[in-house]
Amino acid sequence: MLRVVWPAVESVRSGIDWTETRLASERSSRSWQRVWLTRNEVRWRKAGTVVECFGVADGYLATVEYTDRDVTWQLTKGPVPLASALAVSALYLQYGVTPHVDTDGRMFVAVVDGRPVEAFRNFAEKPFEYSYLDGYSSLDELPNWVDRTDIESVYSRLEKRHRRELPPE
């Protein structure tokens, strides 16, 4: 069976898919509530999920916790600059996407049609590029797909934090 796809139709379909996904993501991110902000950490909560970004040693960690399952994992590969930790937090809060880590230890995500997606899905039909998330030193450097509305006030508060060391093992 021969399938003919008109480029204009495919383009419109792609635009509709992107718009629906973005609107769903915006609705989803609106349900997150920032419940804690100090000089050292910020916490967002939605139902049984908590996203936290906090300062340790020479950087920041971002984690996600499922309180109903007592499971926590790091969103960042280790301590990273504040802007990078907030970018990774926003990636999860706004899109439900977590970064992957390459062989050099750098966090990355795939970007398709101007929005982040899980990096190892089959994108044979659409071109994609990788976006690294570990080298941002300010919010101005973040990709356009990161909504900075909530993280600007967080950034200004956390960038003035007091240093604390990782607990001994």
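This text goes with the structure placed above it.
All residue numbers refer to positions counted from 1 along the written sequence of the respective chain. Where totals are concerned, whole chains, interfaces and linings use all residues; where local detail is concerned, this predicted model gives features only for residues with pLDDT of at least 70, and gives and counts side-chain atom pairs only at 80 or more. Each side-chain value is worked out from all heavy atoms of the structure, with water and hydrogens disregarded.

> Which parts of the structure should I look at to understand the nonpolar core?
As a rule of thumb, nonpolar side chains are buried together in soluble globular proteins. The nonpolar core is taken to be a set of buried Ala, Val, Leu, Ile, Met, Phe, Trp, Tyr and Cys residues, with the residues joined through side-chain atoms within 4.5 Å. Accessible area is worked out with a 1.4 Å probe on protein chains only. A residue is then buried under 20% of its type maximum, exposed over 50%, and partly exposed in between. In this structure, Trp44, Val51, Leu86, Leu133 and Trp145 are the most contacted members of the largest nonpolar core, which totals 36 residues. Of all the secondary structure elements, the ones that give two or more residues to this core are strand E2 (41-46), strand E3 (49-56), strand E4 (59-66), helix H2 (82-95), strand E7 (107-112) and helix H3 (151-158). The dominant element in this core, judged by the number of residues it contributes, is H2, at eleven residues. Here Leu133 is in contact with Ser84, Val88, Leu91, Pro99, Met107, Phe108, Val109 and Trp145, once residues within four sequence places are set aside. A run of H or I in DSSP counts as a helix once it spans at least four residues, and a run of E counts as a strand once it spans at least two, with each numbered from the N terminus. Working rule for contacts: check all heavy atoms of both residues, and any pair within 4.5 Å makes them a contact.

> Please explain the pairing of strand E5 (residues 71-74) as it appears in this structure.
Consecutive residues of a regular strand have side chains that alternate between opposite faces of the sheet. When E4 meets E5, the two strands line up antiparallel, connected through four bridges. Paired with Glu65 across the two strands is Thr72, which belongs to E5. Counted between consecutive antiparallel strands, the loop separating E4 from E5 contains four residues, among which Asp70 sits at a positive phi close to 55°. Pairing between strands requires that DSSP locate at least two bridges from one strand to the other.

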